[in-house]
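Chain residues, written in single-letter form:
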Amino acid sequence: MQRASNQSASMIRSVTAALLCALLPGQFGQFACAQIGTQVGSALGARLGTQTGKKPAPVATIESSPDAAKPTTDPRILHLLSRFTFGPTTEEIAYIHALDGKHDGKHDVDQWFEQQLHPDRIPISTGDRFLADRLSEFPALLLPVDELLARFPSGAMIRQSANGKLPIPDDPYLYAIYRRHIGMFEEKQAQKEQSKATPESPKPAPAKQELAGKMNITAPPAVETNPAATTEPAKPTPTKPETASAARPAYADLLVKNVLALPPAKRVQRILYMQPAEYEQFHSALKGPQKSQLIADLNPVERELLSDFDNPTRTIVEELQAQRLLRDIYSSHQLEEVMTTFWLNHFNVYLHKNEETPYYLVNYERDVIAPRALGNFEDLLVAVAKSPAMLLYLDNSSSTGPDSVVSEKQKERAALGKATKATPPGLNENYARELMELHTLGVNGGYTQADVTEVAKVFTGWTVDRPQLGGGFKFDETRHEPGKKLVLGHVIKESGQKEGLHLLHLLATNPATAHFISQKLAVAFVSDNPPPALVNRMAQTFLAKNGEIAAVLRTMVHSPEFWTPEAYQAKVKTPLEYVVSAARASGANITNAQPLVNALNQMGMPLYACVPPTGYSDKADTWVSTGELVTRMNFALSLATNHFGGVRPQWAPASLLTGSPTEAEQNLEAQLIPAGVSEKTRAAVLNQNQSAASAQVFPQPVTDQSLSGKPPTPAGLANAIQQQNGQIAGLLLGSPEFQRR
């Protein structure tokens, strides 16, 4: 992805050292500062290195301090936007300034926040229109889970169709898709059977492999046997192999040319009806521009059909990840999107738990989390508990009471010596434990192992109806553990499914839950170590308002602790916050979100792919390291210099192309970091002639003489300045000021 020169690599190392100094707290941060030997490092680390200790620089002194940032807008606006959006933009700032501030006697900041708490009151923006247009390219994400699985079959559905347990759809296109994947499955099965039937290799062969390994020699790859070749007589070797090898590419190229010339519907039909060998030739012969041409004029359904033909599950995963990023970047309902992300992380579900999880995650985010992100916590808790995504992820769907009807029948048959089916899976405590430890009470919430076991019994029978076919929540009375249960000192009478609802109510209204959720919200939106008084006040609101999430957020924002100097720029962005805020600040026009998805993978925060149920951390110490910051800097430079296909930043001001370098720098700074940067950061990053370090990174200002003596063309001059501005923007995106929120 990166093609950095030695100079760029040196610059990245210098900036990374400075970022470590600026972002790491306490004595370790001071030690890092002491080790930085370059002017760039010292300058970038100067401002925030003093703000990460116990006594950060107060907001009130930022503007007046000679080495502090010079805000270009109201710090309250920037602070609020940095916490409750995925990054301030010039458009959002202008919108807040345009608010009257007189309605209901509220400040414009308060009006904006109240609007965000009620998304239906937010006017439709240009970003919303673009978002709607982009999301219309993913029609599959609107389908119920059962239809989604039928249209984009999982591996389990293909296996069942191959074994005759499920019918192949009558739709001709879906029939072709199923036949292709069934054929691929059957081919793999045949290869497995053949490998079992093939006699073992003589002993000398493994010895040679072992010897090669000991000598650090790469052994030649094993030759794969073609099953079809064993049933056909051997063909004579052609007298002119070069002619035959040239003929194959010629046919493939001609095939590609003919398919691309077809109208869209005919093109899709032609591809779906290809035989496997022909499709492989076609697919391998497609070149980069031809791949774009292949789908350019297809409608969204046709594009999904071709993607389905290749890999159905991958199609769903890529669309799920793309829509998440697009919503975070473009939606004007920023608080709703921020809280959706917060709850998706709080109630984490791992994307690759099983074959059906990606499909259920579509429903989980769309129908369970997002509609309740600003609603009532108990409603959200119940919806999560019933969601197939969570039931499958934490294995409650298989949990069976030891004294349930199913278990008792099996015991009776075993006692009579009769054949029994497979042993019931028994009691599973995974969901019970995480429900109390991670979802409600917290690790110190006062529960015991006995409580975990009793909660697991309460939720026996909470399962999923035919998960491989996309079924929904189901309560199976025959697997439910009978009798009363004792949880946290409360007796829960036997009442089937109602036992679970009763228990969820007890947990949602428990003071420990109120404190745990309030603490987690304060960590996410105030600081890594929020003031206890603030958390206690939020918890009181949680209890008084019966878990209304909007009320708790309102209490947090209206508390003085939210606005203290210690809270200003106290949070380091997670990789997701960093990538999305960079895209928002750059005004990026995104037609392909995959490069941003890949960037998150490289930064260690892949979307929907946190394996443990804890979710990703919101604290700085998880994300601040040398390797992480190098990856961020590489990403920033690639984004700013337009090296991501399908992600084009918009450096909107016209003066970028016609004004002086100083004007361009000022415009870039205002666009990317509205609060401004410190004078030393500005000198290190923006002043092209101040130091040798910056001179190695940036060329001299573009002039007639700098163009190798050739008369400059307007296009060439504009391109040179744009490239220079991209480099400046990349360093601004990697600066300490942009890393924080």
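Anything mentioned here points back to the structure above.
Here we summarise the structure given alongside this text. Counting starts from 1 at the beginning of each chain's written sequence and moves along it residue by residue. Reporting of local features is limited, given that this is a predicted model, to residues whose pLDDT is at least 70; pairs of side-chain atoms are given and counted only at 80 or more, and all residues count toward the totals for whole chains, interfaces and linings. Only hydrogens and water are removed before side-chain values are computed, so all heavy atoms of the structure are retained for them.

### Notes on the nonpolar core
Thought 1: What we call a nonpolar core is a set of buried Ala, Val, Leu, Ile, Met, Phe, Trp, Tyr and Cys residues that are connected through their side-chain atoms within 4.5 Å. The rule is simple: take the accessible area with a 1.4 Å probe, protein chains only, and divide by the maximum for that residue type; under 20% is buried, over 50% is exposed, in between is partly exposed. If you look at the biggest cluster of nonpolar residues, it comprises 148 residues, and the most contacted ones within it are Met339, Trp343 and Tyr364.
Thought 2: Labels follow the DSSP assignment, with helices taken as runs of H or I lasting at least four residues and strands as runs of E lasting at least two, numbered in each case from the N terminus. Residue contributions to this core peak at eight residues, all from helix H18 (residues 312–330).
Thought 3: Beyond its immediate chain neighbours, meaning those up to four positions away, Met339 contacts Ala373, Leu374, Leu521, Phe525, Ile549 and Leu553.
Thought 4: Ranked by size, the runner-up nonpolar core spans 21 residues in total, among them Val256, Leu260, Leu306 and Phe309. Between two residues, a contact is recorded if the distance between any of their heavy atoms is within 4.5 Å.

### Notes on helix H31 (residues 594–602)
Thought 1: Within the sequence span of H31, burial applies to Pro595, Leu596, Val597, Ala599 and Leu600.
Thought 2: On its buried side, H31 packs onto H18, helix H30 (575–585), strand S5 (589–590), helix H33 (626–640) and strand S6 (647–648).
Thought 3: Downstream of H31 by one or two residues, Gly604 has phi in the positive range, about 85°.

### Quick look at the environment of Glu454
Thought 1: Here Glu454 shows up in helix H25 (residues 449–458).
Thought 2: With relative accessibility at 16%, the residue Glu454 sits in the buried group.
Thought 3: The residues touching Glu454, leaving out its near neighbours within four places in the chain, are Lys484, Lys485, Leu486 and Val487.

### A look at unusual backbone geometry
Thought 1: A positive phi angle, near 45°, is found at Arg466, a position not held by glycine.
Thought 2: Mapped onto the fold, Arg466 is located in the loop between strand S1 (462–464) and strand S2 (473–475).
Thought 3: We classify Arg466 as exposed; its relative accessible area is 55%.
Thought 4: Phi is positive for Gln569, close to 55°, though the residue is something other than glycine.
Thought 5: Mapped onto the fold, Gln569 is located in the loop between helix H29 (549–557) and H30.

### So, the side chain of Glu499
Thought 1: Mapping Glu499 onto the fold places it in helix H26 (residues 497–508).
Thought 2: The exposure class of Glu499 is buried, given its relative accessible area of 0%.
Thought 3: Among all residues touching Glu499, those that are not within four sequence positions of it are Val458, His480, Gly483, Lys485, Ile492, Lys493 and Glu494.

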